[in-house]
Structure formats: C-alpha cells, structure tokens
Amino acid sequence: MGHKIGRNDPCWCGSNKKYKNCHADFDEKLAILHSQGHTVPGHELIKTPAQIEGIKESAKINVAVLDAVGEQIKEGMSTEDIDKIVYKVTTEMGGIPAQLNYEGFPKSVCTSINDVVCHGIPSPDVILKDGDIINVDCSTIYKGYYSDSSRMFCIGNVSEEKRKLVRVTKECVELGLEQVKPWGFLGDMSQAVYDHAKENGYSIVRNIGGHGCGVEFHEEPWVGYIFKKGTQMVLAPGMMFTIEPMVNMGTHKYTTDEENGWTIRTADGKPSAQWEIQVLVTETGHEVISW
Ligand code: MF3
Ligand code: CO
C-alpha cells in the first residue's frame with residue numbers, strides 16, 4: 001500500500017540516509033524471498049537504531065530485576081515476596097512491570113514452580129520449598145519500550161532429574177540462539193530447540209511460545225518450536241523477538257487453571273522448565289538484548 005519510495009528519498013527506517021544507500025537492497029531481497037513463497041517481515045517489525053537504543057535501556061532494568069531476584073531468592077520465601085522485589089526494583093529504576101494489569105494479569109511477574117509451565121501468579125500462600133525449580137518471568141516498559149526475559153532458579157537440593165531439565169532447557173535456548181542470523185529462517189531456530197529437547201527425551205509445549213517484542217509487548221512473529229529449518233518468517237536485520245521454549249519432562253499437554261484463568265500446568269503433573277531471551281537480528285548475526 002502507499003506510494004513507492006524513491007531511491008533518493010529518505011529511508012523509511014529513520015536513518016536520514018537516502019533510501020538507495022540504506023534499505024533499498026534489503027527491500028529488494030525481501031521482495032525476492034516473498035516472491036519465492038517465504039513469509040517476510042513488514043517494515044514495522046524492523047527496529048530503528050533509536051528504538052533499539054530505547055529497548056536496550058528497558059532491558060537493563062529487566063536484567064537488573066532478574067539479577068536482584070537471583071540474589072535474594074531462597075527457600076521459605078513466598079512468590080509474593082518475589083513479586084515485591086520485581087515491583088520495587090523495576091519502579092525504582094523508572095520502569096513499569098509490563099505484566100502488571102496486562103490483560104488483567106494481577107501481579108508484576110510470573111512465578112512458575114515445578115509442574116507450572118507458565119503464568120504462575122505470585123501469592124503469599126505459595127512458599128518456595130527445598131527441591132523446587134522455579135521460572136521467574138519478567139518484563140519491563142521503559143519510556144514506552146519493552147523488554148522480556150525469564151530465568152530458572154533451583155531452590156536448595158534439587159534432584160539431578162530436575163537439574164537436568166533446567167540445564168537442557170537452557171541449552172535449547174542457546175542452540176536456538178546460534179541459529180539466529182540475517183537471511184535465515186525462524187524455523188532454523190525452532191528446529192534446533194526442538195531437536196535438543198527431543199534428544200533428551202523431553203517434549204515442548206506447542207501453542208504457547210515466543211513473540212516479537214520491543215515496541216509492543218507482543219508483536220509478530222509468533223515464535224513456536226515445532227517448525228522445521230528453512231520454514232517460518234525470514235530473519236532480517238532489525239527484527240527482535242523472544243526465544244522462550246517451555247520444556248516438559250513428560251507430556252507436552254497442559255491444563256489451564258479454571259479459577260484464575262492464567263496458570264498453565266503440565267497435564268501429567270511432571271516438571272516443566274523455561275528460559276526466555278530477547279534477541280535482535282543484526283547485520284552479522286544476533287545480539288542478546290535481555291536475559
Ligand atoms: N513474559 C511473558 C511472555 O513471555 C508474559 C506473559 S503475559 C502475563 O510473554 F500477563 F501472563 F504475564
Ligand atoms: Co515473552
């Protein structure tokens with residue numbers, strides 16, 4: 001839609017360079033890939049340098065919040081206590097917890113223990129016990145820019161079985177990340193994540209996944225893990241999204257809490273782990289924005 005941009009016009013990316021010296025080749029490449037039947041990102045998914053700077057500022061807060069949680073998390077603490085840390089550190093640094101009131105979510109962070117896959121709601125009644133594994137999923141809004149990442153924490157003496165799940169899930173994210181490069185495909189990442197989980201006898205939750213992130217909390221593309229390499233959206237420099245597989249020890253099937261409408265649990269009660277990173281596709285590869 002709209003009129004075609006002239007080669008001497010300012011580039012649509014906000015660089016103040018002439019289009020022909022900026023994103024003209026980029027658009028050409030995407031047009032060819034599109035004509036070959038590939039899904040390509042729209043310009044709205046390509047972050048400008050100014051946006052990337054803003055998102056990085058937001059991510060500094062998100063990382064500091066997760067670091068603070070990591071320093072203080074321990075047996076006997078409630079998940080409400082984690083929520084308080086998240087709210088305090090985020091707001092003291094000038095940010096807003098993106099989860100708070102997001103589609104009615106009542107707290108500042110998701111705290112998901114053992115068989116809780118994601119979207120666990122912090123509560124004074126949920127106390128961290130020796131042997132628990134917990135995902136703390138944090139997202140921040142700063143000057144309108146979004147960051148989103150999550151980490152696992154092991155509480156006290158965690159069984160080797162659960163430690164392995166946590167470790168392998170992190171490896172899944174790292175292997176997926178290695179596949180993030182310009183002019184590759186989102187499915188390259190998906191398959192690397194999936195294969196590693198599968199090789200270790202685990203399953204991956206299917207229809208809850210990652211997402212574009214930065215200018216909005218949840219942008220396109222949707223990021224799943226059951227896709228094959230060479231499929232899904234073409235990765236172009238300036239795209240930013242999360243990799244956040246939920247890896248289950250048993251079945252990939254899950255249930256949704258009927259009372260709160262949020263909390264997702266494994267259908268067989270076995271443990272689930274998740275790590276989440278936010279990544280930028282660069283000219284040469286990728287850059288981790290938040291972890
Ligand atoms: N950080 C989670 C994500 O990856 C947030 C889920 S939305 C919430 O998108 F409201 F449940 F927090
Ligand atoms: Co996310």
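Rules and cut-offs
Residues numbered from 1 in each chain as written. Chains lettered and ligands numbered in written order. Predicted model: local features only at pLDDT ≥ 70, side-chain atom pairs only at ≥ 80, totals over all residues. Heavy atoms only, no water. Helix = DSSP H or I, 4+ residues; strand = E, 2+ residues; numbered from the N terminus. Contact = heavy atoms within 4.5 Å. Areas by Shrake-Rupley, 256 points an atom, 1.4 Å probe, with all protein chains shown as cover. Lys, Arg positive; Asp, Glu negative; His and termini not counted. Charge placed at Lys NZ, Arg CZ, Asp CG, Glu CD. Donors = N, O, S within 2.8 Å, 3.2 Å for Na, K, Ca; no water. Buried < 20%, exposed > 50% of the residue type's maximum accessible area, 1.4 Å probe, protein only. Pairing = 2+ DSSP bridges. Near = heavy atom within 4 Å. Polar contact = N/O pair within 3.5 Å; in protein donor to acceptor, adjacent residues only side chain to side chain. Nonpolar A, V, L, I, M, F, W, Y, C, P; charged D, E, K, R; others polar.

S.K.: Would you mind going over the overall build of the protein with me for this structure?
M.R.: Helix and strand counts for the protein come out as five helices and 15 strands. Its C-alpha atoms put the protein at 65 × 45 × 30 Å along the principal axes. The long-range fraction of contacts in the protein, counting pairs at least 24 apart against all pairs at least 6 apart in sequence, stands at 68%. Entry remark: accessible area of the protein is about 13300 Å², with carbon and sulfur atoms responsible for 50%. In the protein, which carries 29 positive and 40 negative side-chain charges, the distance between the mean positions of the two groups comes to 5 Å.

S.K.: Help me out: how do you make sense of the coordination of the cobalt ion (ligand 2) in this one?
M.R.: A four-donor tetrahedral metal ideally has 109.5 degree angles, and a six-donor octahedral metal ideally has angles of 90 or 180 degrees. The protein atoms donating to the cobalt ion (ligand 2) are Asp-148 (OD), His-211 (NE2), Glu-244 (OE) and Glu-276 (OE), with metal-donor distances spanning 2.1 to 2.3 Å. Counting along the primary sequence, the residues that act as donors to the cobalt ion (ligand 2) give the motif D-x62-H-x32-E-x31-E. Linking Asp-148 in strand 5 (residues 145–154) with His-211 in strand 7 (residues 210–212), this pair joins segments that are 63 residues apart in sequence. His-211 shares its class with Asp-148; the two are buried.

S.K.: Just checking my understanding: could you explain the pairing of strand 2 (residues 110–113) for this structure?
M.R.: A regular strand places its side chains on the two faces of the sheet in alternate fashion. Side-chain alternation along strand 2 places Cys-110 and Ser-112 on one buried face and Thr-111 and Ile-113 on a second face that is also buried. Relative to strand 4 (residues 133–142), strand 2 is paired through four bridges, and the arrangement is antiparallel. Along strand 4, the bridge assignment pairs Thr-111 with Val-136.

S.K.: What's the story with the side chain of Glu-80 in this structure? I'm lost.
M.R.: Note on placement: Glu-80 falls in helix 3 (residues 79–92). In contact with Glu-80, other than residues within four places in its own chain, are Lys-107, Pro-122, Ser-123 and Pro-124.

S.K.: Looking at this model, I keep getting lost on the site of ligand 1. Mind explaining?
M.R.: In the neighbourhood of ligand 1, 13 residues make up the surrounding shell, with Gln-99, Asp-137, Asp-148, His-218 and Glu-244 lying closest. Between His-218 and ligand 1, the recorded distance is 2.6 Å, taken from a side-chain N or O atom to an oxygen atom. Separating an oxygen atom of ligand 1 from a side-chain N or O atom of Glu-244 is a distance of 2.9 Å. Here the residues of the shell around ligand 1 sort into five nonpolar, four polar and four charged.

S.K.: Please clarify how unusual backbone geometry should be interpreted in this entry.
M.R.: Among all residues except glycine, the phi angle is most often negative; among peptide bonds, the trans geometry is most common. Cis geometry marks the peptide bond from Glu-220 to Pro-221; its omega dihedral reads 0°. Relative to the helices and strands, Pro-221 resides in strand 8 (residues 219–223). With phi around 70°, Asn-101 is a residue other than glycine that occupies positive phi space. By the secondary structure assignment, Asn-101 is in the loop between strand 1 (96–97) and strand 2.

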